[in-house]
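An overview of the molecular structure
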Amino acid sequence: MKPTPTLLLCWGLALGAACGDDARESATDGLATTSLTAPTTGGATVPTEAGTDGGTGTASDSQTTSTTQADPTDSTEGTTAEPVCPADCADHGGVCIGGVCCPTEDQACGDTCCPEGGFCSFNTCVTPGGACIDASECGDEEYCEYSLGEPEMMGGMCQGGVTPATGKCLPSPPVCLDGQDPGDPPTCLSKCEYKPPPGTFAPVVKYHWDKGDVMMTPIVIQLDDDNCDLIVDERDIPEIVFSTFDNGDYQNNGTIHVISTVDGQIVEKWTYFDAVDPIAPGSELAGGDIDGVPGNEVLASTTTGKIVAFRGDGSILWSSPGPGGGSFVSIADLDQDGAPEVLTPGAVRDGKTGAIKTMLPASYINTAADLDGDGQLDIVHARGAYNAAGGVMAATGLEGVWSAVADLDLDGKAEVATIANGGPLLPHHLIIWRHDPLAANGVQILRAGIDINGPLSPDLCPPGSAGTTSGGGPQTIADFNGDGTPDVAVAGGVGYAVFDGKKLMDPNVPDAETFLWIKQTQDCSSAATGSSVFDFDGDGSAEVVYSDETTLRVYKGSDGTVLWSTCNTTGTLVEYPLVADVDGDGHADIVAVSNDYSGITCDGTKQTGVRIFGDSLGSWVRTRRVWNQHTYHVTNTEESGVTPKVEATNWKVPGLNNFRQNVQPEGEFAAPDLIVDLRLQCAPEAYGLVARVRNIGEAAVPVGVPVYFYDGDPNNAGVLLGMGVTTKVLYPAEAEEVVLVLPNPPPGIVDGTSVVWVVVDDGMPMHAWHECRTDNNRASGTGKCPRPPG
């Protein structure tokens, strides 16, 4: 979904004051009188009273203003009397603008009254567009204004049992230039950022699914409509999808599990098990929209090499037997027709049907990238590359298992970092090559094989174990030291190594001197685990998230300092922990798997299942709500799960040039900013105070933000009248009304002798998200209705 700029409507922070409405309660008698009228059949008008239809004390949009001039003989000869706002304008919910009673405060816009049907946005009259459920249904540079639509109602067919709120599309407001004063009322919005203070790295377990052994990399993808807006997109809470195995048999009898977070708890959405052709529990999954029907699918491999595609509800879309299967599957739109393909080690399949479109010359673990710069994706593997039709375009002639693509020398062209693992010549080595159509076999070899163990001996692993003879798992590419150049990292049997990108691309630097750092680890069982990367504090230097056989660690990217570690036992295959926002709280989470089937222990303990770690201080920056496949590289999927028809070249996108690293969707430190406006519900049967809470920041704020109502200033012994909470995610520009019904309101509230205060987000209870400012979270006004309730 397109990003939505932040904005502020001219609501007035205290009963319209921000819109130039200083005269609402102080209008004096004058030469003109005003009556609010509503059109009837035949164009006739009848008097009407505002605030008696259960609304919020303002006139409806259908009301119009008529003015009766005073007797001209009362005027000075040769002059025209200036209009004077009638004394009862505010009593009818109107606003005095230039001596004229503007029917509603929503139409009051600085010194202008917007015409009927108009609306004030950023001190400018605008005309609302079509109805919308959210900003995805509006045009570019528009947002969905819920106050102009229909409220959420019980009854409906989505998971929450409600019909979602609707709004109308409005133009987005301008963004303030550097140094520009937004003014009062504002004419633009300033940047809204929160930068976490320097501190310790302090993760805690937020959620733990502990019902089975896991030894593969989960995926994070939205599969259902959690927020009941009838769309499955990035605004929904994503699902975490993974496979388990039983009785230590990690090659057979796999079960797919789909879990998610609901109200702070892990909920299992669905599972899949087939005793005849079971899921291969150590194989890797992929997720995304592969059939063109709204919603995402999950792809898995069976023990017989079959590929199965599941719809979001767990039903089978298709099952594709035949050659070209394997334990790694990914999604890409190779032919750029808007219908994604499914890429497996030996074949390219149609996403809609599973039918084989192209058989590949050999079976390798593949990823998709535009190696030759022709604007079309190629199929890249550790020993070369094919074009989208399966033709050979590059062959290194070297061993290799894993590949990752980035621009290591910043010349705009891609390099491929390859890991050879277990071959007779290169048992634990890093190779760097690039596609060159003029070179032999279409390849230029830049590094023919760097021993990834460096100074560490393979003998650190027991004799006969995998770590003594091989090593090297799925690599990551990121800027680990903050020098602006991507670096390459890989885990082997005995150590985790990061190679300096600048040194790798300098032919004068010997292989042994290309290390940025290396730390001893323990992965003797497979010697092929992976890792992921994320810049948790947004300082420009990426941190490493890696789990070996016993321990989950986070390393400082620049020098390998262990920032945090915890026991995490696993027999290891090729899995790795990943980073995504899995619960929609606006902060990154670490998703790590473990198992206890083997004899491996950590400090005498064993772990199992899936654990989700978050920062106890709430200081980790935002990230995407998706990690859709083992070869994840940001541009291969939109956050909603849609595969781009034309995938952006990762290494040419500012802020990327990485592989297996998650990033923030937009501004590095974008934060929400909540404001509140006090209104009234003046229905005779249900008097109430209404707090309109609006997010004018650059990031979303989750559900459950508390709103408090006081009789008097809460900072000066004000009495709490009650509280409510927001019930939906408030994205930039969006608002929600929180109503406190008072069946027996204090007399001073009703007659206006008491000042009513409303406060949003007073900081309690403590929460993980942060506003860019909190000095605008209060408003005050009168509880007196234009007509007394009842």
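A quick note: this is a predicted structure, and the numbers were derived from the prediction, not measured.

Now for the state of the cysteines. Counted under the stated rule, the structure contains nine disulfides. Linked covalently through their sulfurs, C114 and C125 form a disulfide whose S-S length is 2.1 Å. With the S-S bond torsion at -90°, the cross-link from C114 to C125 turns out left-handed. With a gap of eleven residues between them, C114 in the loop between β7 (112-113) and β8 (119-121) and C125 in strand β9 (residues 124-126) connect regions that are remote in the sequence. Judged by its relative accessible area of 1%, C114 is buried. A sulfur-sulfur separation of 2.0 Å characterises the disulfide bridge that pairs C567 with C602. Between C567 and C602 the sulfur-sulfur dihedral comes to about -65°; the bridge is accordingly left-handed. Pair noted here: C567 is in strand β43 (residues 562-567) and C602 is in the loop between β45 (589-594) and β46 (609-615), with a separation of 35 residues, a long-range link. An identical accessibility class is assigned to C567 and C602; each is buried.

It is worth spelling out the side chain of N296 at this point. Mapping N296 onto the fold places it in the loop between β20 (286-288) and β21 (297-301). We classify N296 as buried; its relative accessible area is 4%. Polar contacts involving the side chain of N296 include one to the main-chain carbonyl oxygen of Q222, which spans 2.7 Å.

This brings us to the side chain of N636. In this structure, N636 sits in the loop between β46 and β47 (674-683). By relative accessible area, which is 1% here, N636 ends up buried. Within the local environment of N636, its side chain forms a polar contact with the backbone nitrogen of H633, the two atoms lying 2.8 Å apart. Contacts of N636, omitting those with residues within four sequence positions, involve N628, Q629, T631, T643, P644 and E647.

The next point concerns the pairing of strand β17 (residues 239-244). Most of β17 sits inside the fold, with six of its six residues counted as buried. Of the two faces of β17, the one lined by E239, V241 and S243 and the one lined by I240, F242 and T244 are each fully buried. Direction of pairing for strand β16 (residues 219-221) relative to β17: antiparallel, over a ladder of three bridges. Bridge assignment links V220 to a residue of β17, and that residue is I240. Sheet topology places β17 next to strand β18 (residues 255-262); five bridges connect them, and they run antiparallel. Residue T244 lies in a different strand from β18, and its bridge partner there is T255.

The subject of this paragraph is the confidence of the model for the protein. For any part of a model where pLDDT is low, the fine detail of the predicted coordinates should not be relied upon. Put simply, the protein has an average pLDDT of 85, and 85% of its residues get 70 or more. Long-range and interchain partners of residues 1-78, a stretch whose pLDDT sits below 50, account for 193 contacts in this model, where long-range means more than four residues apart.

Soluble globular proteins tend to bury their nonpolar side chains together. In terms of nonpolar packing, the biggest core is built from 36 residues, with I240, V241, F242, I256 and F310 touching the most fellow members. If we skip the residues at most four places from it in the chain, I240 touches P218, I219, V220, H257, V258, I259, V582, V591 and I612. Residues A691, V701, V738 and I749 belong to the second largest nonpolar core, which totals 24 residues.

This part is about empty space enclosed by the protein. Per the counting criterion, the structure on display carries six cavities of 30 Å³ or more. Of the pockets and cavities examined, the largest cavity occupies roughly 90 Å³. Along its surface, the largest cavity is lined by 13 residues, and A368, A369, E647, N650 and W651 are the ones closest to its centre. Each pocket or cavity is described by its volume, and for the second largest cavity that value is around 70 Å³. Along its surface, the second largest cavity is lined by E284, F328, V329, S330, L343, T344, P345, I365, N366, H630 and T631.

This part is about the packing of aromatic side chains. A full pass over the atoms with the stated rule returns 19 aromatic pairs. Here Y496 and Y555 contribute two aromatic rings whose centre-to-centre distance is 5.8 Å and whose plane-to-plane angle is 20°, an arrangement assigned as stacked. Highlighted residues: Y496 in strand β38 (residues 495-499) and Y555 in strand β42 (residues 551-555), separated in sequence by 59 residues. Relative to F515, the ring of F499 lies with its centre 4.5 Å away and its plane at 40°, an arrangement referred to as tilted. Here F515 lies in strand β39 (residues 515-520) and F499 lies in strand β38, a separation of 16 residues in the sequence. Owing to a relative accessible area of 15%, F515 belongs among the buried residues under this scheme.

Judged by pairing direction, the sheet is antiparallel, and its four strands sit side by side in the order β16-β17-β18-β19 without closing on themselves. The open sheet has two edge strands, β16 and β19 (265-272), and neither has a second partner. Neighbouring strand axes in the sheet, compared pairwise and without regard to direction, differ in orientation by 30° on average. Bridging between β18 and β19 involves seven bridges; their strand directions are antiparallel. Bridge pairing in β19 places V262 opposite Q265.

Okay, the environment of A700 next. For A700, the position within the fold is in the loop between β48 (686-695) and β49 (706-711). The class for A700 is partly exposed, based on a relative accessible area of 23%. For the pair A700 and E734, spaced 34 residues apart in the sequence, the C-alpha separation amounts to 9.1 Å. In contact with A700, not counting residues within four places along its chain, are P672, N695, V729, L730, Y731 and P732.

Cut-off values and rules
- Residues numbered from 1 in each chain as written.
- Predicted model: local features only at pLDDT ≥ 70, side-chain atom pairs only at ≥ 80, totals over all residues.
- Heavy atoms only, no water.
- Disulfide = S-S within 2.5 Å.
- Helix = DSSP H or I, 4+ residues; strand = E, 2+ residues; numbered from the N terminus.
- Buried < 20%, exposed > 50% of the residue type's maximum accessible area, 1.4 Å probe, protein only.
- Polar contact = N/O pair within 3.5 Å; in protein donor to acceptor, adjacent residues only side chain to side chain.
- Contact = heavy atoms within 4.5 Å.
- Pairing = 2+ DSSP bridges.
- pLDDT = per-residue confidence, 0-100.
- Core = buried A, V, L, I, M, F, W, Y, C linked by side-chain atoms within 4.5 Å.
- 1 Å grid on protein atoms, 1.4 Å probe; cavity = no way out; pocket = protein on both sides within 12 Å on 5 of 7 lines; lining within 4 Å.
- Points joined across faces, edges and corners; volume = space filled by probe spheres on them.
- Phe/Tyr/Trp six-rings, centres within 6.5 Å; stacked < 30°, edge-to-face > 60°.
- Axes fitted to C-alpha atoms, helices over the stretch in contact; angles between N-to-C directions.

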